[in-house]
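Tertiary structure, described
Spelled out, the chains give:
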Amino acid sequence: MTESPGSPQHRTMRRSVPQRTTGWAQRTAALLQRLHLTPNMISVASVVIAAIGCTCLVLAGIHDDALPRTLLLLTAALCAPLRLLANMLDGMLAVEGGMSSPVGDLYNELPDRLSDILFLAGAGYAATQVCGGITVGWVAASLAVLTAYVRSLGAAQGLSNHFNGPMSKPRRMWILVLGCLAALTEPLLPVPLGTSLVVALVVISLGSLVTVVVRLRRIAADLRATAPLHDDGGSSS
């Protein structure tokens, strides 16, 4: 008999990242392994990178001078893809490198959520001159965490980790990068400083909301498809 997509035999637990198979990524992972760096260390490093990005964004919100603000925004824009790189490499060391640990899932999930909050809330503080900028930053951060929570909720039911939806983690970070780069042009435009970042945060928020709905629908469909595999009459607190 063919199992349904939600059955344990077909569970998908990792995000598909094409860059994992590239030569440069494999060489970098091998180098980190030779340096005796563990996946958990790299996961923690991703939070440090996010904290640096957040600090730069917050400072950019209080600097009107063009040069310091430009340097801060560029540094924040650089930190976002570096965070994604760390997220990819920790998984490569854990899975392909055979360095997984009993607490690996904790180090994989919690640093990601902290990094989302630091980057997105920090972007809100970079837009203090825009009415509601800080609020939009916290809304975007909250919805980003919610997308991951819904994904984990499905996995907790014995289903796949659903990475569906228009606003996955990589897309959140690349939209933030675009917002930082667009913000460099704002001194030349008749708009408050931080407007570009607010636009990016609104896009991230709306996309994250859609992503939550998409993932909930997929999880519900999988649960219905696997209903005979589950005990009837179960309850939750």
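Each remark here, short or long, concerns the structure printed above.
Criteria and cut-off values
Residues numbered from 1 in each chain as written. Predicted model: local features only at pLDDT ≥ 70, side-chain atom pairs only at ≥ 80, totals over all residues. Heavy atoms only, no water. Salt bridge = Lys/Arg side-chain N within 4 Å of Asp/Glu carboxyl O. Helix = DSSP H or I, 4+ residues; strand = E, 2+ residues; numbered from the N terminus. Buried < 20%, exposed > 50% of the residue type's maximum accessible area, 1.4 Å probe, protein only. Core = buried A, V, L, I, M, F, W, Y, C linked by side-chain atoms within 4.5 Å. Contact = heavy atoms within 4.5 Å. Expected span 1.5 Å × (residues − 1).

The full count for this structure, using the stated rule, is nine salt bridges. We note a salt bridge from glutamate 109 to arginine 113, for which the minimum N-O separation is 2.9 Å. Placement of both glutamate 109 and arginine 113 in helix α4 (residues 104-125) is noted, with a separation of four residues, approximately one turn of the helix. For glutamate 109, a relative accessible area of 23% corresponds to the partly exposed category. What makes arginine 113 buried here is its relative accessible area of 14%.

This part is about unusual backbone geometry. Non-glycine residue histidine 36 carries a positive phi angle of around 65°. One can find histidine 36 in the loop between α1 (23-34) and α2 (39-60). Judged by relative accessible area, histidine 36 falls into the exposed class, the value being 65%.

With that settled, consider the nonpolar core. By size, the foremost hydrophobic cluster in this structure holds 31 residues, and its most contacted members are Leu57, Phe119, Leu120 and Leu197. Looking at which element gives the most residues to this core, the answer is helix α3 (residues 66-94), with seven residues. Look past the residues within four positions of phenylalanine 119 in its chain and what remains in contact with it is Ile49, Ala50, Gly53, Leu57, Ala76, Cys79, Ala80, Arg83, Met173 and Leu176. Formed by ten residues, the second largest nonpolar core is a distinct cluster that contains Ala29, Leu32, Ala86 and Met88.

Let us now look at helix α6 (residues 169-183). Taking 1.5 Å per residue as the helical rise, α6 with its 15 residues ought to reach 21 Å, and the 21 Å between its terminal C-alpha atoms agrees with that figure. When α6 is considered as a whole, its buried residues turn out to be Lys169, Arg172, Met173, Ile175, Leu176, Val177, Gly179, Cys180 and Ala183. Buried positions along α6 lie against α2, α3, α4, α5 (133-156) and α7 (195-225).

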